Amino acid sequence: MITKKVNNVQDAIKGIETGMTIMFGGFGLCGIPENTIAALVNTSISDLTCISNNAGVDDFGLGLLLQKKQIKKMISSYVGENAEFERQMLSGELEVELTPQGTLAERCRAAQAGIPAFFTPAGYGTEVAEGKEVREFNGKMHIMEQAFKADFSIVKAWKGDEAGNLIFKGTARNFNACMAGAGKITIAEVEELVPVGTLDPNQIHIPGIMVQRIFQGEKFEKRIEQRTVRKRA
């Protein structure tokens, strides 16, 4: 069995260079690769194109890379919780490509499956469709969307083994599962790394063939993006 285990996050991010395109898994602040993002913040890498459902918040997640001006372009579907993102976008410092959430997920999944492009009705008749091929299927207009081309996919899982097999937990399964294997190299950051044969094969969400590097994170803050509580009586 080929082991995909690397010793630490610094070994995991070797080869990531200025100007690359990187996918980051997670949904809001749930299931994001916290350790890997923090490691990238401590480098001089810049001009990144980041593909992510969201852009984090001002002081956490991809917001940390935005603060250091390491991101040149964001491809996202929801960016409403980050004031620095808004400032950079409105000032023209940051390129932004807003994409319908389902389309974003399918562009990841298509890359994972080796499908170069697909047609979807989402976005037809809006700015999303500008410059894209349009076709009619069953009396409905569709636009062609291309699969993403990323140098690295960085995902976060609950458990993984040294062969790269992954299990996600709860909401963290959003975007992590479809991004694994969608980049040329997939880095998996896990809460618990176990020996091969430990995981129940019936519970594995992503097979190790889609992962090139895996390591166990040192700590996870697991912040809550919007905390809503019931008022005391």
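Predicted model, so just to flag it, every value in this text is computed and none were measured. Sequence order as written defines residue numbering, which begins from 1 separately in each chain. Under the rules for a predicted model, residues below a pLDDT of 70 receive no local features and side-chain atom pairs below 80 are neither given nor counted, while totals for whole chains, interfaces and linings still include all residues. Side-chain descriptors were evaluated using all non-hydrogen atoms of the structure, hydrogens and water having been removed beforehand.

> So what's going on with the state of the cysteines? Residues and values would help.
Note on terminology: pairs of cysteine sulfur atoms within 2.5 Å are recorded as disulfides. Taken as a whole, this structure holds zero disulfides when the rule is applied. You can see Cys 30 has no disulfide; the closest cysteine sulfur is in Cys 178, sitting 14 Å from it. Cys 108 provides the cysteine sulfur closest to Cys 178, a residue in no disulfide bond, and the two sulfurs are 4.5 Å apart. Judged by relative accessible area, which is 14%, Cys 178 ranks as buried. Using a 1.4 Å probe on the protein chains alone, a residue whose accessible area is under 20% of its type maximum counts as buried, one over 50% counts as exposed, and one in between counts as partly exposed.

> Before we move on, could you go through the pattern of salt bridges and cite the residues and values that matter?
Whenever a carboxyl oxygen of Asp or Glu lies within 4 Å of a side-chain nitrogen of Lys or Arg, that contact is scored as a salt bridge. Within the structure shown, the criterion is met by twelve salt bridges. Across the pair Glu 145 and Lys 132 runs a salt bridge, and its minimum N-O distance is 2.9 Å. Within this pair, whereas Glu 145 is found in strand β7 (residues 140–146), its partner Lys 132 is found in the loop between β5 (117–120) and β6 (134–137), the two being separated by 13 residues in sequence. Using a relative accessible area of 2% as the deciding quantity, one classes Glu 145 as buried. A residue is classified by how much of its surface remains accessible, and Lys 132, at 28% relative accessible area, is partly exposed. Arg 135 is the partner of Glu 133 in a salt bridge, and the nearest nitrogen-oxygen pair spans 2.7 Å. Connected through shared salt-bridge partners, Lys 69, Glu 84, Arg 87 and Glu 93 make up one network. Going along the chain from the N terminus, every DSSP run of H or I of four or more residues is numbered as a helix, and every run of E of two or more is numbered as a strand.

> Residues and numbers for the pairing of β5, please.
Residues Phe 118 and Thr 120 point to one face of β5 and are all buried, whereas Ala 117 and Phe 119, pointing to the other face, are not buried. At least two bridges found by DSSP between two strands are what make those strands a pair. For β5 and β7, the ladder comprises four bridges, and the chain directions are antiparallel. Bridge pairing in β7 links Ala 117 to Gln 146.

> Requested: an account of the side chain of Asp 161, with residues and values cited.
With respect to the helices and strands, the residue Asp 161 is situated in strand β8 (residues 150–161). His residues and chain termini do not enter the charge count, which takes Lys and Arg as positive and Asp and Glu as negative. In this structure, Asp 161 is buried with no salt-bridge partner, the nearest side chain bearing the opposite charge being Lys 4 at 8.1 Å. From its side chain, Asp 161 meets the backbone nitrogen of Ala 163 in a polar contact 3.0 Å long. Between N or O atoms, a polar contact is any pair within 3.5 Å; within protein, one atom must be a potential hydrogen donor and the other a potential acceptor, and residues adjacent in sequence are included only when both atoms are from side chains. Within the structure, the side chain of Asp 161 is placed 3.0 Å from the side chain of Asn 165, a separation counted as a polar contact. Residue contacts follow a heavy-atom distance rule, with two residues in contact if any of their heavy atoms lie within 4.5 Å. Not counting chain neighbours up to four residues away, the residues in contact with Asp 161 comprise Leu 193, Val 194, Pro 195, Val 196, Gly 197, Leu 199 and Ile 214.

> Before we move on, can you summarise helix α5 (residues 101–113) with the specific residues and values?
A helix's residues, less one, multiplied by 1.5 Å, set its expected span. Here α5 spans 18 Å end to end across 13 residues, near enough to the 18 Å set by a 1.5 Å rise per residue. Residues Thr 103, Leu 104, Arg 107, Cys 108, Ala 110 and Ala 111 constitute the buried set of α5. For α5, the buried positions fall inside an angular range of 160 degrees around the axis, keeping them on one side. A positive phi of about 80 degrees marks Gly 114, the residue just after α5. As used here, the arc is the angular range of directions from the helix axis to the C-beta atoms.

> How would you sum up the sheet that holds β6? Please name residues and give values.
Spatial ordering of the open sheet is given by β5-β7-β6, a layout of three strands whose pairing is antiparallel. A strand with exactly one partner marks an edge of an open sheet, and here the two such strands are β5 and β6. The average angle at which neighbouring strand axes cross in this sheet is 40 degrees, direction not considered. In this sheet, β7 lies alongside β6 in antiparallel orientation, the contact comprising four bridges. In the strand pairing of β7, Glu 136 is matched with Met 141. To obtain an axis, a line is fitted to C-alpha atoms, over the contacting stretch when the element is a helix, and the angle between two such axes runs from 0 to 180 degrees between their N-to-C directions. Each of β5 and β7 is contacted by α5, which is oriented at about 155 degrees to β5, the strand it contacts most.

> Which residues make up the pairing of strand β10 (residues 183–194), and what are the values?
Across ten bridges, β8 lies against β10 in parallel orientation. Residue pairing in the sheet places Ala 150 in a bridge with Gly 183 of β10. The pairing of β10 with strand β11 (residues 213–216) spans four bridges and is parallel. Residue pairing across strands places Val 190 opposite Gln 216, the latter belonging to β11.

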